[in-house]
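One letter stands for each residue in the lines below.
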Amino acid sequence: TETRERPGEPRARLLIILGMSGNGKTSLVRAGLLPLLADRPIEGVAAWYTVSFRPSDLDSAVPDAKALGALAARISAALPGAAQFGLTIPQLAEALQGQPAAAAARIETYLAAEAAARNVPPGHARLLIYIDQLEEIFTLPLLSAQAAALLDAITALSKLHTLWVVATLRSDFMHRLESYPAVMELLRRSSPYTLLAPRGDELADMIREPAAAAGLEFEQRAGVSLDREILREAT
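All values reported here derive from a predicted model rather than from experimental measurement.

Remarks on the pattern of salt bridges
- All chains considered together, the criterion is met by twelve salt bridges.
- Ionic pairing is found between Glu136 and Arg54, a salt bridge with its closest N-O pair at 2.3 Å. With Glu136 in helix α5 (residues 136-139) and Arg54 in the loop between β2 (47-53) and α2 (66-78), this pair connects stretches of sequence that are 82 residues apart.
- A residue is classified by how much of its surface remains accessible, and Glu136, at 5% relative accessible area, is buried.
- Where Asp201 meets Arg199, a salt bridge forms, and the shortest distance between an N and an O atom there is 3.3 Å.
- Ionic contacts of the salt-bridge type, sharing partners, join the residues Glu185, Arg188 and Arg189 into one network.

In structure tokens, the structure reads:
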């Protein structure tokens, strides 16, 4: 979904998925959104490249760079064509830390080069950066010092035409983003999506549909089927 833009104002390609702890935000992205992008054609997009990480992730090449090091490493792995530009993972991590706008522009160049190497038409490739459990920048003391740098990088990446950033965040940490005006400005143009707890019929589908797709049937004992028992317990 494209966001509306005002004249002269760049679109914000940032989607934050909010919800209470354990309500399925990660599953919505990993089992829903990402496969959907891979399997369903979208007009004007011929290829999606996906990078996933959590703020607490580290990469052995740049452990001191913490989340930005992990992001740099995942991008380099997803876009091997970037190697022709000679920028190392530590250098990309450093750029994301100190010059996020310039680093984002470089990443867009890497995406274009990778797409060209795979015969994807110019401008028809997209990079999706998925950040799981964004609240870790607030809950883990070792990451709090890097929160501003990571959010600055997210802001820069979200402003480019061929990059999207999707992040899951616990609802009770949404107010913490108010301390970062640049992020709040993006969210003004691209509202978060709130994932609510599933209704009874939705919960039933979650239990039954995967089994049906796999060709399985639920046992019955004393006239009660296992799927009904699971539904009762889950509810």
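Points about the side chain of Arg126
- Note on placement: Arg126 falls in strand β3 (residues 125-131).
- For Arg126, the side chain forms a polar contact with the side chain of His161, separated by 3.4 Å.
- Excluding residues within four positions of it along the chain, Arg126 makes contact with Gly44, Val45, Ala47, Trp48, Tyr49, Leu111, His161 and Thr162.

Topic: empty space enclosed by the protein
- Following the criterion strictly, the structure yields one cavity of 30 Å³ or more and no others.
- By volume, the largest cavity is sized at about 40 Å³.
- Around the largest cavity, the lining residues are Leu14, Ile16, Leu134, Leu151, Ile154, Val165, Ala167 and Val183.
- Partitioned by chemical class, the residues of the lining of the largest cavity number eight nonpolar, no polar and no charged.

Structural notes on the layout of surface pockets
- Looking at the second largest pocket, its volume works out to about 400 Å³.
- Around the second largest pocket, the lining comprises 14 residues; the ones closest to its centre are Asn23, Gly24, Leu28, Leu195 and Met206.
- Secondary structure elements with two or more residues in the lining of the second largest pocket: α1 (25-39), β5 (193-194) and α9 (200-213).
- It is α1 that provides the largest number of residues to the lining of the second largest pocket, a total of four residues.

Points about the sheet that holds β5
- Reading across from one edge, β2-β3-β4-β1-β5 is the order of the five strands in this open sheet, with parallel pairing throughout. Where the open sheet ends on each side, the last strands, each with one partner, are β2 and β5.
- Strand direction decides the pairing type here: strand β1 (residues 14-19) and β5, joined by two bridges, are parallel. Of the residues in β5, the one forming a bridge with Ile17 is Tyr193.
- In the packing of helix α7 (residues 147-158) onto the sheet, contacts are made with β1, β2, β3 and β4 (163-170), and the angle to β4 comes to roughly 140 degrees.

Section: the pairing of β3
- Burial within β3 is extensive, with seven of its seven residues counted as buried.
- The two faces of β3 match: Ala125, Leu127, Ile129 and Ile131 on one face and Arg126, Leu128 and Tyr130 on the other face are all buried.
- Summarising the sheet, β2 and β3 pair through seven bridges and their orientation is parallel. Paired with Trp48 across the strands is Arg126, a residue of β3.
- Bridge analysis of β3 against β4 gives five bridges, and the strand direction is parallel. Its bridge partner being in β4, Ile129 is matched across the sheet by Val165.

Conventions we followed
Residues numbered from 1 in each chain as written. Predicted model: local features only at pLDDT ≥ 70, side-chain atom pairs only at ≥ 80, totals over all residues. Heavy atoms only, no water. Salt bridge = Lys/Arg side-chain N within 4 Å of Asp/Glu carboxyl O. Helix = DSSP H or I, 4+ residues; strand = E, 2+ residues; numbered from the N terminus. Buried < 20%, exposed > 50% of the residue type's maximum accessible area, 1.4 Å probe, protein only. Polar contact = N/O pair within 3.5 Å; in protein donor to acceptor, adjacent residues only side chain to side chain. Contact = heavy atoms within 4.5 Å. 1 Å grid on protein atoms, 1.4 Å probe; cavity = no way out; pocket = protein on both sides within 12 Å on 5 of 7 lines; lining within 4 Å. Points joined across faces, edges and corners; volume = space filled by probe spheres on them. Nonpolar A, V, L, I, M, F, W, Y, C, P; charged D, E, K, R; others polar. Pairing = 2+ DSSP bridges. Axes fitted to C-alpha atoms, helices over the stretch in contact; angles between N-to-C directions.

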